[in-house]
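# A structural walkthrough
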Amino acid sequence: MSRFDEEDAFEAAVAPQAPQGLSNSQRAMAARPTPYLDQLNDAQREAVETMDGPVLMLAGAGTGKTKALTCRIAHLLNTGRARPNEILAVTFTNKAAREMKERVGDLMGTSVAGMPWLGTFHSVCVKQLRRHGDLVGLKSNFTILDTDDVIRLLKQLIKAEGIDEKRWPARQLAGVIDAWKNRALTPAKVTDDEAFNGYGVKLYAQYQNRLKALNACDFGDLLLHMVTIFQNHPDLLEQYQRWYKYILVDEYQDTNVAQYMWLRLLGAAHKNVCCVGDDDQSIYGWRGAEVGNILRFEKDFPGAKVVRLEQNYRSTPHILAAASGVIAGNSNRLGKDLWTAEPEGELVRLIGHHDYEDEARWIGEEIEAMAGGARARLRKFSLEDMAILVRASHQMRAFEDRFLKIGLAYRVIGGPKFYERLECRDAIAYFRVVMQPEDDLAFERIINTPKRGVGPKALLDIQTMARTNGVSLKEGARLAVQEGLLKGKAKGAVAELVAQLDAWGNLAEQQIRYPGLDDDEAVVESVDCVPAEITHVELAERILDESGYTTMWQNDKTPEAPGRLENLKELVKGLDEHDNLHGFLENVSLSLDNDANEADPKVTIMTLHGAKGLEFPVVFLPGWEEGLFPSQRSMDESGLSGLEEERRLAYVGITRAEELCTISFASNRPVFGQWQTQMPSRFVDEIPSDHIDVLTPQAVGGRYGGQRGGFDDGFSSFESRMADADVYNSPGWRRLQDRANRAPAAKPVTLNMAAVSSFTIGDRVFHIKFGYGEVMSVDGDKLTIEFDHAGSKKLVASFVKPAAQADDAPF
DNA sequence: GCTATCCACTAACCT
DNA sequence: AGTGGATAGC
């Protein structure tokens with residue numbers, strides 16, 4: 001996909017003398033059969049066929065929203081309403097954008113070249129801003145800063161202002177500024193009453209000035225700048241309005257004010273705006289999303305057609321009913337009634353555990369059993385079919401640890417990003433300085449990495465030099481060397497670095513004239529000045545080698561060093577997929593998704609937020625405990641609306657499941673390193689009991705007394721706390737208790753087996769008093785064990801553990 | 001200028 | 001429990 005082709009097409013089409021798309025007769029002739037319409041239900045079809053004017057598609061979870069959306073695009077193209085590059089279609093994630101592109105392609109046959117304006121809000125805005133950034137003082141090669149850069153920049157500003165960093169932590173300020181930007185507030189528009197005594201806005205204004213000086217912007221700016229540009233340049237806006245004949249928006253409930261304004265500006269003329277969303281799945285309020293946008297749609301776009309998609313094709317009735325029961329606790333909903341034609345299926349399963357490690361162990365065993373087809377009534381599942389969805393990413397650890405131990409293949413999605421690792425960030429900083437010499441932040445990062453003997457003192461000198469001469473740090477460094485401001489080791493080191501940067505920069509410029517493919521003015525005559533053509537991949541290697549960065553890790557003896565070198569190799573290898581370093585840097589800053597789709601099946605571990613839009617046959621939802629889920633922080637900061645957002649998150653979680661959904665909670669969990677007694681989540685109580693099957697935890701009661709840092713003192717064992725106090729008087733808890741106390745025979749056999757004992761004859765086990773032994777027979781939850789040194793004993797299963805784990809016993 | 005140690009703070013997450 | 005910042009000591 002060529003930027004230049006698009007540009008030409010764009011300029012041609014918006015130029016006054018250019019032909020205005022297709023004529024009516026051409027359009028009519030372009031119309032082709034519409035087989036895709038046959039796959040749609042009535043509501044979907046209505047949403048697809050209502051092409052003119054505003055449409056709000058209220059699409060509940062699993063109701064075929066993406067299908068409707070992609071069919072709509074196909075229909076617009078197929079009926080000749082618009083050409084592929086005249087449709088603006090925005091999503092929130094790259095993944096969603098990619099999927100939509102693929103599916104439109106499938107519907108249309110192969111021929112959907114282009115759709116250059118199908119992408120995330122941010123990628124589309126970058127494209128616009130690269131063209132028109134000059135209207136807000138940005139050159140077209142501006143840098144996009146990530147949060148790390150932003151915080152470092154703000155820290156500098158705070159320090160320069162002489163403000164106490166304790167009172168104004170940079171992180172917090174970054175949050176405040178981001179929130180303003182999400183609401184489309186430039187410094188001038190921030191009202192006094194939320195200006196934090198003037199300090200906040202003042203710093204905000206300074207920050208914006210710094211960004212401009214750095215030829216950089218942050219994520220929020222991408223949207224905000226475009227809104228500003230369109231507001232100040234109606235003529236330009238008008239061109240875009242004419243160009244984008246149809247606008248489609250995915251996940252509309254997640255839009256913030258800036259995104260909303262951008263959309264309204266672009267759609268104001270023809271109002272062919274189709275927004276798709278589900279108010280019950282709005283889970284990004286803390287990031288500035290305004291549910292109000294979707295609740296207000298009909299007011300914003302009078303005469304809007306509202307279509308409700310309510311037939312669910314994903315989940316069983318029990319799962320759907322459980323989710324509906326929970327979400328019913330929220331007020332302020334547009335309201336939808338999901339239904340399904342599917343047969344009943346399994347009840348939603350609920351289980352409580354003693355602590356988070358038991359929870360992880362139990363889930364691991366369930367997964368293994370289901371993957372082995374060892375669950376009667378249930379079909380056999382692949383690991384690919386199963387997912388563990390957590391509220392907070394730190395919950396993932398327990399599962400990773402456990403799965404590593406038992407050798408269960410898993411994949412963590414949305415964990416620490418590849419490009420966010422130290423070595424990748426360093427390498428990228430080098431590339432940035434080379435490609436964009438004004439990028440002071442990147443310069444600061446690399447000036448003493450690897451160690452060159454250039455410490456804070458030398459850096460300060462360079463900064464002073466740069467500031468007094470009004471130049472970038474790189475130029476400041478050059479001057480500082482020339483003027484003799486730097487001495488000794490620092491002087492030589494800085495001089496060398498600057499010379500290297502120049503040299504790499506030259507190489508970069510040469511290779512940039514060989515984008516190959518689509519730049520028809522590829523400069524052939526420069527060949528004679530560049531005898532050996534250098535690809536950007538080779539250039540990257542050279543930068544890392546000549547700077548000494550690779551050597552630094554080679555000489556590093558810490559255990560992480562080899563891994564880091566591996567990552568650097570990966571990074572360089574990944575460059576191959578981009579046309580040049582510019583393209584690469586752009587994708588990095590817009591966070592290219594890195595989930596390599598390896599072939600072998602794995603269980604997916606991810607956050608609830610990350611799971612939105614996905615579905616799995618089997619879903620585990622651990623950690624449903626007060627304080628964790630709903631998150632205490634959310635409730636503290638946003639009160640009732642925070643709680644309602646958490647509840648929507650619960651709804652999202654349950655509705656990810658197609659066939660089997662298992663919710664669990666632990667009674668004990670360390671919070672900030674302190675063990676805490678946890679109460680089951682109120683959401684557990686909100687699930688209608690008709691749709692729940694309460695399972696019995698495997699290990700009831702304290703296990704090996706006293707091992708857990710003074711925690712397991714008997715009093716806090718599961719059973720003893722059952723006896724205690726009103727806090728466990730919630731309906732959900734009582735239900736759990738009832739089941740636990742019922743005769744074992746009353747429980748479904750399939751589940752009982754796992755719940756009571758996971759040991760089989762021949763297993764090696766370990767007991768705290770009797771040591772190692774072998775299981776001779778199994779009777780319910782009682783085991784007969786032949787101990788190596790203590791003879792034969794009959795014991796309750798919960799008092800022994802598999803021998804394989806005994807190595808982490810403290811003796 | 002660099003490294004080692006202590007201390008205070010913190011967990012949501014997409015671009 | 002893990003991390004980053006501040007400080008002291010080499």
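Residues numbered from 1 in each chain as written. Chains lettered and ligands numbered in written order. Predicted model: local features only at pLDDT ≥ 70, side-chain atom pairs only at ≥ 80, totals over all residues. Heavy atoms only, no water.

## Observations concerning the protein's contact with DNA strand C
Threshold: We define proximity as follows: a residue is near a molecule or strand when any one of its heavy atoms falls within 4 Å of that partner. Polar contact is the term for a pair of N or O atoms within 3.5 Å; when the atoms are in protein, one must be able to donate a hydrogen and the other to accept it, and sequence-neighboring residues count only if both atoms are side-chain atoms.
In the vicinity of DNA strand C, the contacting residues are Lys155, Arg397, Phe672 and Gly673. In the environment of DNA strand C, a phosphate oxygen lies 3.4 Å from a nitrogen or oxygen atom belonging to the side chain of Lys155. A distance of 3.0 Å is found between a phosphate oxygen of DNA strand C and a side-chain nitrogen or oxygen belonging to Arg397.

## So, the protein's contact with DNA strand B
Rules: Secondary structure elements follow DSSP: runs of H or I no shorter than four residues count as helices, runs of E no shorter than two count as strands, and numbering proceeds from the N terminus. Under this grouping Gly is polar, as are all residues other than the nonpolar Ala, Val, Leu, Ile, Met, Phe, Trp, Tyr, Cys and Pro and the charged Asp, Glu, Lys and Arg.
Near DNA strand B you find 29 residues, and of these Trp286, Arg287, Arg391, Thr607 and Phe672 are the closest. Among all atoms of DNA strand B positioned within 4 Å of the protein, those belonging to sugar or phosphate total 47%. Here a phosphate oxygen of DNA strand B sits 3.5 Å away from a polar atom, N or O, in the main chain of Lys457. Separating a base nitrogen of DNA strand B from a side-chain N or O atom of Glu637 is a distance of 3.4 Å. Of all the elements in the fold, those that place two or more residues in the surface near DNA strand B are helix H20 (456–469), helix H27 (608–611) and helix H28 (632–654). Top element by residues in the surface near DNA strand B is H28. It accounts for four residues. Partitioned by chemical class, the residues of the surface near DNA strand B number eight nonpolar, 14 polar and seven charged.

## Quick look at the sheet that holds strand S2 (residues 87–91)
Applied cut-off: Any two strands with at least two DSSP-identified bridges between them are counted as paired. In this analysis, axes come from line fits to C-alpha atoms, helices being fitted only over the stretch in contact, and the angle between any two N-to-C directions falls in the range 0 to 180 degrees.
Ordered by their spatial adjacency, six strands build an open sheet running S3-S2-S6-S7-S1-S8, and the pairing between neighbours is parallel. With partners counted over all chains shown, the strands left at the sheet margins are strand S3 (118–120) and strand S8 (305–309), one partner each. Neighbour-to-neighbour, the strand axes of the sheet open up by a mean angle of 15°, direction not taken into account. Across three bridges, S2 lies against S3 in parallel orientation.

## A closer look at the UniProt feature "binding site: ATP" (unreviewed entry) in chain A
Heads up, the rule is: UniProt positions are given in the numbering used here, feature names are shortened, and annotations may be inferred rather than shown by experiment. In this description, contact between two residues means that some pair of their heavy atoms is separated by no more than 4.5 Å.
Summarizing the sequence annotation, UniProt attributes the feature "binding site: ATP" (unreviewed entry) to Ala59, Gly60, Ala61, Gly62, Thr63, Gly64, Lys65 and Thr66 in the numbering used throughout. Its place among the elements puts Ala59 in strand S1 (residues 55–59). Those residues in contact with Ala59, other than ones at most four positions away along the chain, are Lys65, Val276, Gly277, Asp278, Gln281, Leu309 and Lys336. One can find Thr66 in helix H4 (residues 65–78).

## Some words on the packing of aromatic side chains
The condition that has to hold: Note on aromatic pairs: the rings of Phe, Tyr and Trp (six-membered ring only in Trp) are paired at centre separations within 6.5 Å, and the planes decide the class, stacked below 30 degrees, edge-to-face beyond 60, tilted for the rest. Think of it in three bands: with a 1.4 Å probe and only protein chains considered, a residue is buried below 20% of the maximum accessible area for its type, exposed above 50%, and partly exposed in between. Two conditions define a charge located above a ring, namely a distance within 6 Å from the ring centre to NZ of Lys or CZ of Arg, and an angle within 35 degrees of the ring normal.
Per the stated rule, a full pass over the model turns up 21 aromatic pairs. Plain terms: the ring middles of Phe92 and Phe121 are 5.0 Å apart, the flat faces sit at 55° to each other, and that makes the pair tilted. In this pair, Phe92 sits in the loop between S2 and helix H5 (94–108) while Phe121 sits in helix H6 (residues 121–132), placing the two residues 29 residues apart along the sequence. Classification of Phe121 by relative accessible area gives buried; the value is 1%. Clustering of aromatic rings is evident, with ring pairs tying together Trp117, Phe230, Tyr240 and Tyr244. Directly above the aromatic system of Trp117 lies the positively charged group of Lys127, at a separation of 5.5 Å from the ring centroid.

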